[in-house]
Amino acid sequence: NFTPTWVALMHRFRHVVFTFWVMVSLLGVYHAETVVSSITSDLATIPGRWQPAYMRDSLQAADALKHKFPSLAGEKAIIRVRRVDGEFVLSDKTHAFCKSLDASVASFLPEGLLLGVDSIYNYWKPTWVSNKPPQFVKELFLTEGDSAMLVVIYLNYSYPEHLDHVVTGVGDMVTNAQLELAGPVAYSVFLGGDLTMRQDMLIAVQSDAAFVHTLTLPIATALLALYFRSLRIMLIPLLTITLSLSASLLITYGASRLLPLHYLVPVLLLCVTLATSVDYCLFFLARLKDEMQKPDGPDKPTYHQAVLASTANGGYAIMTSGIGLAIGFLGLCLFPIDAVVSTGVSSAASIVATVAINLTIIPCVLASYPDFWSSAWTAPPPSLSRYEQLSDFAPPKAARAVSKAARPVVPLYCSSCGAPHGGSKFCTNCGAKLPPLTNGVAAAADAAA
């Protein structure tokens, strides 16, 4: 009973509905880059929630270290300096390399993004008792048989908004410091750690999102077009899918402000949103197609009645499916890990947004422009049989099976004795095996059908 009122409201406030969802989409596109740059690989946990004993002990140890060494609590860029000939790596040149990095970090802008440099020379000087560091210091910073050393640059957690700037700046710092290694002895320098891993994850997420869009979206669109057989109607799925994907980006941005955003969440969310958007639009428009293609007669609905029927029946299916799916994803919030919680919250909110888009945009579009949509599908002539009405959508084998049922019985005769038979494989008179249909009889049967 509420369906006519709902459709009337959508028609009356169509400009408000369109403006609202367009604004949501524009905000989602605007914040898309921020969403991608805020991803992390950390499996952080929510304080106060139940946790396994090993996880609780680990978090307590990490908190104690952060409290005692706050400047070392950030992420890290790790630089490996390796002597190519395999000899002992420490020398005056590697010492000058570390000094150059110290000076560059101290002058880096904006201030506070780089917290400091940690190297073996912070704990040992070549002028001390021996030119070789103690074993416990070597184990911290030297590797590959003492032919390579590690230098750590500590990063502030707030740097993701300046990711490209930090990556470029640290890369330039390493290149500049590498000039101190020039000489007859060759050194190789490699930049890695959390900094480059975050950039690699950003590139991978963008690549995965592009793969999802370029592969699944064209296939889904082609299947919808094959089913609907109307280019005009295809404008509606393209509109709802675009709005749903953009809204999911805005929801992901909101979730990233509250919870750490694991790098798997954006791509998973795009896949869920794309699947539900295509599915719910199909629920709605499939019912509309069935209503509009009913044969002429007293039971054939008007365009307005068809829209009401598809809203009532398709809308019910969309709401029940969306609510059930959203509740299922909210179950992930019971886990103590932030990455799982952000997945559940973002997915549930995106599904609710997709349901809202399909239950507002589609009735609004159909009710606002009846002249444009009412001729998208036309009912076949009532004089045709049920099969002939659907012949455009039935495969050729089905067409032959249906037409074969309507064929008249064409008498066949045994080639040995000439006796008629009732269509069995063997003659009832002489028992001879009957030959297959001749071309003339087959042609007569097809013509009669």
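This one's a predicted model, so the numbers in the text were calculated from it and none came from an experiment.

(A) Quick look at the packing of helix H7 (residues 163-177) against helix H8 (residues 194-228). Relative to each other, H7 and H8 sit at 135 degrees, their axes nearing to 10 Å. The angle between H7 and H8 falls in the class oblique. In the crossing of H7 with H8, the sense of the turn from one axis to the other is left-handed. Seen from H7, the contacting residues are Leu163, Asp164, Val166, Val167 and Val170; seen from H8, they are Leu195, Arg198, Gln199 and Leu202.

(B) Focus on the side chain of serine 347. One can find serine 347 in helix H12 (residues 338-368). Leave out the neighbours within four places in its chain, and serine 347 touches Leu269 and Phe329.

(C) Molecular detail of the environment of leucine 27. On the secondary structure map, leucine 27 appears in helix H2 (residues 14-30). The sequence separation of leucine 27 and leucine 250 amounts to 223 residues, and the corresponding C-alpha distance is 6.4 Å.

(D) Seen up close, the nonpolar core. One finds Ile236, Leu285, Leu288 and Leu366 to be the most contacted residues of the largest nonpolar core, which totals 56 residues. No other element matches the twelve residues that helix H10 (residues 265-292) contributes to this core. When neighbours within four sequence positions are excluded, leucine 288 is seen to be in contact with Ala306, Val307, Ser310, Leu366 and Trp377. Val117, Ile153, Leu155 and Val166 belong to the second-largest nonpolar core, a separate cluster that totals 36 residues.

The rules behind the values
Residues numbered from 1 in each chain as written. Predicted model: local features only at pLDDT ≥ 70, side-chain atom pairs only at ≥ 80, totals over all residues. Heavy atoms only, no water. Axes fitted to C-alpha atoms, helices over the stretch in contact; angles between N-to-C directions. Helix = DSSP H or I, 4+ residues; strand = E, 2+ residues; numbered from the N terminus. Parallel < 35°, antiparallel > 145°, perpendicular 65-115°, else oblique. Left-handed = near helix turned anticlockwise from the far one by under 90°. Contact = heavy atoms within 4.5 Å. Core = buried A, V, L, I, M, F, W, Y, C linked by side-chain atoms within 4.5 Å. Buried < 20%, exposed > 50% of the residue type's maximum accessible area, 1.4 Å probe, protein only.

Function-wise, these values are silent; they only describe arrangement.
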